[in-house]
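Chain by chain, the residues:
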Amino acid sequence: MNYLMEALQWIADPANRYGDTGILARMGEHVLYTVLVLGIAALIGIPIGYAIGHFHRGRGIVVASTGAARALPTLGILTLIGVVVGIGLVAPLAALVVLATPSVLAGAYSGVENVDRTTVDAARAQGMSQWQVLTRVEIPLGLPLLISGLRSACLQVVATATLAAYVGGGGLGRFLFPAINTYNYTLMLAASILVMILAVVLDACFAFGERLVRWGVRSS
Amino acid sequence: MWRNPGELDYRKPAHAGERTLSHLVLSVPAIILSFVLALPIAVLANRLRRLRSFLIGAAGLIYAIPSLPMFIVLPLIVGTTIRDRLNVIIAMTLYGVALMVRSAADAFTAVDLSTKLAATATGYSPIHRFFAVDLPLAGPALLAGLRVVAVSTVSLVTVSALLGVPNLGMLFTDGIARGITAEILAGIVLTVTLALLIDGALVLAGRLLMRWERAA
């Protein structure tokens, strides 16, 4: 428990907080990666998910991609792209997008797919076009599942963004890897605690957002 | 593959067979433990409504802990060293239980209530009913959950290679250290293959144990 006290002291020490290599800067980088990756994953996953869910075709793509994403070791993808494109930001971002997209895709797909058939038929009967059915009925009603897809993607990305520092990126992993190499347990623990806090806080934000959207869908 | 005679330091690549075996030693116990531990927790969670939301929330919280920090923090709690295999097995079991409790709780909830009541009315004791009725009927959904646990465990174990625990992930760390693309690729292929093999074994076991599924 001694290490734990020292780690907490390290986190609390203002000397470690500011500057380009301080806790706040590294945490900012970590959040930036997460937001960037989720944004790219959303750009790829949401349109494809909606298309598959709306037209009820290509369900196999969702099943295969989520299955493959679970089996693919992210560390492997990260190091592979790292060796091919060199050290920098591309490898971690690309690897994280590969990791995050299937969750987002599955969330978008299942959200639209699970909308009650009678509701969709009713919308059609009222004379709504395909596009209106999608944008006014299926997308709003599918929002809670989309958000829970984004939530699980976010959780995976925050956790795995720690590995970005392994191939030359920034983020909270920057504290972790030198500490592992020098057996600096205090620093290892401090960095780990920071990542956990960030993960739990971001997850709580999504949980709150999910609740808000569910409430919004129900009351409208 | 990449046989380095005389160099058996943990940082050096041993041949892939040895890494695969270490990988199995880390993942298989964790997969089995996750399943065995998750079942009673799921049953308990379904019995006590208030406990259910607490347990499932706690499971979600465990899943929010990134794996690399988990491997580092666990030794402090368990009292092992950082490079101990036990850490990895415990960490993977925790993640596995977190995933499995939710799907097992859902699986048991989905069992038709009238079937359960009928069994009780026929004179099944609670324990007998659990093993003879609830468990088999929840079987397919439990298997689906277990398959997710198995595949993600095999892939997540690779992260522990960063701390020097031998497994297939070492083909990545060694590959990037020496700039050998083929070694990393081989590591990915071997990890995915291992995950799919275990998944296939589970499907096969499910078919053998749940013969009624095919007849239906």
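Overview of the structure. (Residues numbered from 1 in each chain as written. Chains lettered and ligands numbered in written order. Predicted model: local features only at pLDDT ≥ 70, side-chain atom pairs only at ≥ 80, totals over all residues. Heavy atoms only, no water.)

Some remarks on the overall build of chain A
In plain terms, the rule: Helix and strand labels come from DSSP, where a helix needs a run of H or I of at least four residues and a strand needs a run of E of at least two; each type is numbered from the N terminus. Think of it in three bands: with a 1.4 Å probe and only protein chains considered, a residue is buried below 20% of the maximum accessible area for its type, exposed above 50%, and partly exposed in between. Shrake-Rupley sampling with a 1.4 Å probe provides the accessible areas, and residues are treated as covered by the protein chains on show and by no other component. Counting rule for charge: Lys and Arg are taken as positive, Asp and Glu as negative, and neither His nor the chain ends is counted. In this description, the location of a charge corresponds to atom NZ of lysine, CZ of arginine, CG of aspartate or CD of glutamate.
Looking only at helices and strands, one finds nine helices and zero strands in chain A. Principal axes of the C-alpha set define a box for chain A whose edges measure 65 × 40 × 30 Å. Out of the 220 residues in chain A, the part that is buried amounts to 49%. For chain A, the accessible area works out to roughly 10300 Å², and carbon and sulfur atoms hold 67% of it. Here chain A carries 13 positive and 10 negative side-chain charges, and the mean point of each set is 7 Å from the other.

What to know about the interface of chain A and chain B
Quick note on the threshold: We call two residues in contact whenever any of their non-hydrogen atoms come within 4.5 Å of each other. Whenever a carboxyl oxygen of Asp or Glu lies within 4 Å of a side-chain nitrogen of Lys or Arg, that contact is scored as a salt bridge. Under this definition, polar contacts are N or O atom pairs within 3.5 Å; protein pairs additionally need one hydrogen-donor-capable and one acceptor-capable atom, and for neighbouring residues in sequence, both atoms have to be side-chain atoms.
Taken together, the contacts link 30 residues of chain A with 35 residues of chain B. Our count for the chain A to chain B interface comes out at zero salt bridges. For the pair chain A and chain B, the interface holds two residue pairs in polar contact (both at pLDDT 80 or more). Of all the secondary structure elements, the ones that give two or more residues to the side of chain A that touches chain B are α3 (59–71), α4 (74–85), α7 (130–160), α8 (173–181) and α9 (185–219) of chain A. Here the element with the most residues in the side of chain A that touches chain B is α9(A); it accounts for eight residues.

Quick notes on the side chain of R26(A)
All names here are of chain A. Structurally, R26 can be placed in helix α2 (residues 23–55). For R26, a relative accessible area of 7% translates into the label buried. Beyond its immediate sequence surroundings of up to four residues, R26 is in contact with D20, T21, G170, G171, L172, R174 and F175.

A word on unusual backbone geometry
Residue and element names in this part refer to chain A. One non-glycine residue with positive phi stands out, namely H56, at about 55°. Topologically, H56 is positioned in the loop between α2 and α3. Residue class for H56 comes out partly exposed when judged on its relative accessible area of 40%. Here the phi dihedral of Y183 falls at roughly 55°; this positive angle occurs in a residue that is not glycine. Relative to the assigned elements, Y183 resides in the loop between α8 and α9.

A closer look at α4(A)
What counts here: Given the number of residues in a helix, its expected span is that number minus one, multiplied by 1.5 Å.
Taking 1.5 Å of rise per residue, twelve residues should cover 16 Å, and α4(A) covers 16 Å from first to last C-alpha, within 8% of that figure. In terms of residue burial, α4(A) counts as a mostly covered element, since nine of its twelve residues are buried. T74(A), L75(A), G76(A), I77(A), L78(A), T79(A), L80(A), I81(A) and G82(A) are the residues of α4(A) that are buried. Each element contacted by the buried residues of α4(A) is listed here: α5 (90–113) and α7 of chain A together with α7 (170–178) and α8 (181–209) of chain B. One or two steps after α4(A), the chain reaches G86(A), where phi turns positive at roughly 90°.

A short note on the packing of aromatic side chains
Residue and element names in this part refer to chain A. Applied cut-off: Each aromatic pair joins two rings of Phe, Tyr and Trp (for Trp, the six-membered one) with centres within 6.5 Å, and gets the label stacked for planes under 30 degrees apart, edge-to-face for over 60, and tilted for any other angle.
Across all of its chains, the model carries four aromatic pairs over all chains by this definition. Here W10 and F175 contribute two aromatic rings whose centre-to-centre distance is 5.2 Å and whose plane-to-plane angle is 75°, an arrangement assigned as edge-to-face. Residue W10 is found in helix α1 (residues 2–12), and its partner F175 is found in helix α8; the two are separated by 165 residues along the sequence.

Concerning a nonpolar patch on the surface
Residues and elements named next belong to chain A. Rule in force here: Think of a patch as exposed residues, more than 30% relative accessible area, with no salt bridge, where like charges cluster within 9 Å and nonpolar side chains (Val, Leu, Ile, Met, Phe, Trp, Tyr) cluster within 5 Å.
Taken together, the side chains of L36, I40, L43, I44 and I48 define a hydrophobic patch exposed on the protein surface, amounting to about 430 Å² of accessible area. On the secondary structure map, L43 appears in helix α2. For L43, a relative accessible area of 69% puts it in the exposed group.

Section: the nonpolar core
Put simply, the rule is: As used here, the term nonpolar core means buried Ala, Val, Leu, Ile, Met, Phe, Trp, Tyr and Cys residues forming a set that is joined through side-chain atoms within 4.5 Å.
Residues I180(A), L68(B) and L142(B) are the most contacted members of the largest nonpolar core, which totals 111 residues. In terms of residues, this core owes the most to one element, α9(A), which gives 14 residues. Membership of the second largest hydrophobic core comes to five residues, among which are V115(A), V120(A), V133(A) and V137(A).

Points about the pattern of salt bridges
Under the counting rule described, the total for this entry stands at nine salt bridges over all chains. For R26(A), the salt bridge identified is with E29(A), shortest N-O distance 2.9 Å. Placement of the pair is R26(A) and E29(A) together in helix α2, with a separation of three residues, close to one helical turn. Accessibility expressed as a relative area gives 24% for E29(A), which makes it partly exposed. Between D199(B) and R147(B) there is a salt bridge, and its shortest N-O distance comes to 2.8 Å. Of this pair, D199(B) sits in helix α8 while R147(B) is found in helix α6 (residues 126–156), placing the two residues 52 residues apart along the sequence. Among the charged side chains, a network of salt bridges with common partners joins R151(A), D203(A), E210(A) and R214(A).

Some details on the packing of α5(A) against α7(A)
Residue and element names in this part refer to chain A. Our working definition: Axis lines are fitted to C-alpha atoms, over the contacting stretch for helices. Their N-to-C directions set the angle, which ranges from 0 to 180 degrees. With respect to orientation, any angle under 35 degrees is reported as roughly parallel, any angle over 145 as roughly antiparallel, any angle of 65 to 115 as roughly perpendicular, and every other angle as oblique. In a left-handed crossing the near helix is turned counterclockwise from the far helix by less than a right angle, and in a right-handed crossing that turn is clockwise. For this classification, the nonpolar set comprises Ala, Val, Leu, Ile, Met, Phe, Trp, Tyr, Cys and Pro, the charged set comprises Asp, Glu, Lys and Arg, and every other residue, Gly included, is treated as polar.
Packing of α5 against α7 leaves a shortest axis separation of 7 Å and a crossing angle of 160°. Between α5 and α7, the crossing angle belongs to the class labelled roughly antiparallel. You can see that α5 and α7 cross each other, and the crossing is right-handed. Contact residues: L96, L99, A100, S103, V104, G107, A108, S110, G111 and V112 in α5; E138, G142, L145, L146, G149, L150, S152, A153, Q156, V157 and T160 in α7. Grouping the amino acids of the contact of α5 with α7 by side-chain chemistry returns eleven nonpolar, nine polar and one charged.

Remarks on the environment of G149(A)
Take G149(A): it is sitting in helix α7. For the pair G149(A) and S129(A), spaced 20 residues apart in the sequence, the C-alpha separation amounts to 27 Å.

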